[in-house]
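Next come the chains, spelled out residue by residue.
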Amino acid sequence: MRRVGPSARRFLAGRKTVLVRLAGWSLAESAQTFVVGYGVAQAVDRGFLAGDTLTGLGWLGVAACAVVLGAPVVRGVFAQLAGLTEPLRDGLVRRAVDQSMARALSRPGGGDRAAVSRLTNQVEIVRDSFAGLVLTVRSFVFTAAGALVGLFSLDPALLVVVLPPLAGGLALFLATLRPMAAAQRRALTADEALGDHVTRTRGALRDLTACGTQPEAARSGARLVADAAAASRVLARWAAVRTLALGVSGQLPVLLLLVAVPWLRDRGVTTGALLGAFTYLAQALLPALHTLMTAIGAAGTRLLVVLDRFTAPQAHPSVTGAAPRTPLPGRAGPPQQGRSSLPPAPPPSRQVPAVELSAVTAGYGARTEPVLDALDLRVEEGEHLAVVGPSGIGKSTLTRLVAGMFAPRSGVVRVNGRTVAGRSAAELAALRVLVPQQAYVFTGSVRDNLAYLRPDASAADVEAAVRDLGAAPLVERLGGLDAPLRPDDLSQGERQLIVLARAHLSTARLLLLDEATCHLDAASEARAEAALARRPGTLLVVAHRMSSAVRADRILVLDGVRAAHGTHRELLERSPLYRDLVGHWSRTRA
Ligand SMILES: Nc1ncnc2c1ncn2[C@@H]1O[C@H](COP(=O)(O)OP(=O)(O)OP(=O)(O)O)[C@@H](O)[C@H]1O
């Protein structure tokens, strides 16, 4: 209102003549309302009840004339209305064009895509809503004036009964306007945020899957759905209060009038006056009130919201699409600049461990047993750590904790000295790469797939990664680096090779492989792991085969909520579980 108010006042001040003419026609509407109720009252008292049918019919004729004469009055009102709505429409079109031109000039190459919408749809919304509001507010004011004067002229005692509930209901209705507008704005914003999230998520599916941040995106979506639901509930509560206001001001006067009939009769109110009063209520006051409340509730809020977008200094984000957007988890910005604009990885330090878990307890669901309980772990910069343990023991959970994709119940996870909790997707992407079991490749060139995490990688770097990983025959079979890659043409193992080469190219110093070589044969796995271990930085591998553990500098054995770590030899000596795992592996190889 603060933003729209001054413009609205200026607009109305420049159209005094139209307003006066409109008021003139509206007064005629008041008179018509007055005559209808008054005619009915006189027809009963002076005519039918007095035994003079002719007089009764005569007064009814007067009331009927007033109804018929209402038609030219309505025509007069509409003629004047055009004098308000059309200049408003022209002014809004001018403003939309000005805004669009200013935007185009201030942002070379960046026209205002919302201008067309403002020029057509939104201008029409404003014009129609404004016309509806002027009609209903004016109609209510003048009809109510005519009806109240009529009630007073029939008998002032009628006002004593009718006025309090009418005024009370109206006051309650007016009191709901501000909170209802706020609730409507909140619901609109929540709806827009949700729609925005859905659109961006759909566009970023590839990035989300590649970075493994679908759960985070799903959580943001769930939060937005909850916000939208909460906003709708608040709106519904205010709508209920508004219905109550309508009931109090609309139905209660009729009820009270019926209940008060004996009291009114004692005070000398005639039957005709009572019938006239009911006519005023049923024919004029209540319909006008109902239309007013509905119009202000719906058209009024719509008008304010759309006008706000015309008068706002900067157009609303959902209209212009120009406002900066919060990056999605796993996506640092638009594709062409997202990955290359990641903050550079912090330099490694000899003292600061690459990974540090302090008393980390983690689990799924509030009441379930923890999967990891008070786990302490320190992985030095440059170290190669393998994680082993039975299926379902928590190995993937550990990698997701380190990757910052899963929050511990308690304890702290640090990567390169930085707490991972609460970090943005872009910050996490600069710290680590997590390669899951399911390798994600996308339709594009082979090079696009390989350089996905480092778009500025030189041709030599890409070729070196391909060579190191043993992926050269695959790239050759696909037709070279610039050949198109169709995911369906690749086996699971071939996809894993591409994704491992992609991880090799990444600038993040920490690589987390969660059974990322499970579809490779043992020799290819050994070659790939050796290449990744040679890469500067730290390697943490959830081992698919025990051979992978044997190659590591150190092994972490997860055993229920306990954990042991050491070299292969050390663990063979002191970890029964590790011995079992190695024994089982040897037997299955034999
Ligand atoms: N999203 C989840 N919701 C609920 N429970 C989960 C979820 N993910 C894992 N779990 C449970 O947590 C436990 C540890 O799972 P996790 O995947 O970390 O084990 P893992 O050692 O990696 O298993 P595997 O070797 O079979 O991949 C299991 O009991 C698993 O069922």
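Being a predicted model, the structure only gives us computed values, none of them experimental.

About the cut-offs
- Residues numbered from 1 in each chain as written.
- Predicted model: local features only at pLDDT ≥ 70, side-chain atom pairs only at ≥ 80, totals over all residues.
- Pairing = 2+ DSSP bridges.
- Helix = DSSP H or I, 4+ residues; strand = E, 2+ residues; numbered from the N terminus.
- Axes fitted to C-alpha atoms, helices over the stretch in contact; angles between N-to-C directions.
- Contact = placed C-beta atoms within 7 Å.
- Parallel < 35°, antiparallel > 145°, perpendicular 65-115°, else oblique.
- Left-handed = near helix turned anticlockwise from the far one by under 90°.
- Nonpolar A, V, L, I, M, F, W, Y, C, P; charged D, E, K, R; others polar.
- Buried ≥ 20, exposed ≤ 12 C-beta atoms within 10 Å, placed from the backbone.
- Right-handed = clockwise from strand over helix to strand, strands pointing away.
- UniProt positions renumbered as here; feature names shortened; annotations may be inferred.
- Core = buried A, V, L, I, M, F, W, Y, C linked by C-beta atoms within 7 Å.

### Concerning the sheet that holds strand S3 (residues 384-388)
Working step 1: Strand order in this open sheet of six strands is S6-S9-S10-S3-S11-S12, and the pairing throughout is mixed. Where the open sheet ends on each side, the last strands, each with one partner, are strand S6 (432-435) and strand S12 (562-566). When strand polarity is set aside, the average angle formed by the axes of neighbouring strands in this sheet is 15°.
Working step 2: Here four bridges tie S6 to strand S9 (residues 510-514), and the two strands are oriented parallel to one another. When the sheet's bridge partners are listed, Arg432 is paired in S9 with Leu510.
Working step 3: Lying over the sheet, helix H13 (residues 395-402) contacts S3, S6, S9, strand S10 (538-542) and strand S11 (554-559), oriented at roughly 150° with respect to S10.

### Here's the deal with the packing of helix H5 (residues 156-203) against helix H8 (residues 252-259)
Working step 1: Between H5 and H8, the least distance of the axes is 8 Å, while the angle of their chain directions is 160°. Taken together, the axes of H5 and H8 are roughly antiparallel relative to one another. With respect to the hand of their crossing, H5 and H8 are arranged in right-handed fashion. Only Leu252, Pro253, Leu256 and Leu257 of H8 make contact with H5, whose side of the interface consists of Val161, Val162, Pro165, Leu166 and Gly169.

### Let's talk about the packing of helix H16 (residues 459-469) against helix H18 (residues 492-505)
Working step 1: One way to put it is that H16 packs onto H18 with a least axis distance of 9 Å and a crossing angle of 130°. The angle between H16 and H18 falls in the class oblique. The way H16 lies across H18 gives a crossing that is right-handed. For the pair formed by H16 and H18, the contact residues are Asp461, Val462, Ala465, Val466, Asp468 and Leu469 on the first element and Leu497, Leu500, Ala501, His504 and Leu505 on the second.
Working step 2: For the contact of H16 with H18, the class distribution of residues is eight nonpolar, one polar and two charged.

### Comments concerning the pairing of S9
Working step 1: Of all the five residues making up S9, five are buried; the element is thus mostly covered by neighbouring parts of the structure.
Working step 2: Burial along S9 is two-sided: Leu510, Leu512 and Asp514 and Leu511 and Leu513, pointing in opposite directions, are all buried.
Working step 3: Where S9 lies against S10, five bridges are found, and the strand directions are parallel. When the bridges of S10 are listed, Leu512 appears paired with Leu540.
Working step 4: The handedness of the S9 to S10 crossover, carried by helix H19 (residues 522-534), is right-handed.

### Observations concerning the UniProt feature "transmembrane region" (unreviewed entry) in the protein
Working step 1: UniProt records the feature "transmembrane region" (unreviewed entry) for residues 57-78, 130-152, 158-177, 243-264 and 284-305 in the present numbering.
Working step 2: Taken as a whole, residues 57-78 contains 100% helix and 0% strand, while its terminal C-alpha atoms sit 32 Å from one another.

### Focus: the pairing of strand S4 (residues 410-415)
Working step 1: With five bridges connecting them, strand S1 (residues 355-362) and S4 associate as antiparallel partners. The residue bridging Val355 from the neighbouring strand is Val415, located in S4.
Working step 2: Inspection of the sheet shows S4 paired to strand S5 (residues 418-419) by two bridges, in the antiparallel sense. By the bridge assignment for S5, Arg414 is matched with Thr419.
Working step 3: Linkage of S4 to S5, two consecutive antiparallel strands, is achieved through a turn of two residues, within which Asn416 is found at a positive phi near 50°.

### Some details on unusual backbone geometry
Working step 1: Positive phi, normally seen in glycine, also occurs at Ala359, with a value near 50°.
Working step 2: Examined against the element boundaries, Ala359 turns out to sit in strand S1.
Working step 3: A residue is classified by how many C-beta atoms lie within 10 Å of it, and Ala359, with 12 of them, is exposed.
Working step 4: Of note in the backbone geometry, Glu515 takes a positive phi value of approximately 50° without being a glycine.
Working step 5: Look at Glu515 and you get buried, because 20 C-beta atoms sit within 10 Å.

### Quick look at the sheet that holds S4
Working step 1: On the basis of which strands lie adjacent, the open sheet formed by four strands has the order S2-S1-S4-S5 and antiparallel pairing. Single-partner strands in this sheet number two, and they are strand S2 (372-379) and S5.
Working step 2: Together, S1, S2 and S4 form the strand contacts of H13, whose direction differs from that of S1 by roughly 120°.

### Some remarks on the environment of Ala28
Working step 1: Looking at the secondary structure, you find Ala28 in helix H2 (residues 16-48).
Working step 2: Under the C-beta neighbour-count criterion, Ala28 is labelled partly exposed, with 18 such atoms within 10 Å.
Working step 3: Taking the C-alpha atoms as reference, Ala28 lies 9.5 Å from Gly146; in sequence the two are 118 residues apart.

### Points about the nonpolar core
Considering soluble globular proteins, one finds that nonpolar side chains tend to be buried as a cluster.
Working step 1: One finds Val387, Leu500, Ala501 and Leu512 to be the most contacted residues of the largest nonpolar core, which totals 79 residues.
Working step 2: Looking at this core element by element, the count peaks at seven residues for H18.
Working step 3: Core analysis: the second largest hydrophobic core is formed by 39 residues, Tyr38, Leu154, Val162 and Leu292 among them.

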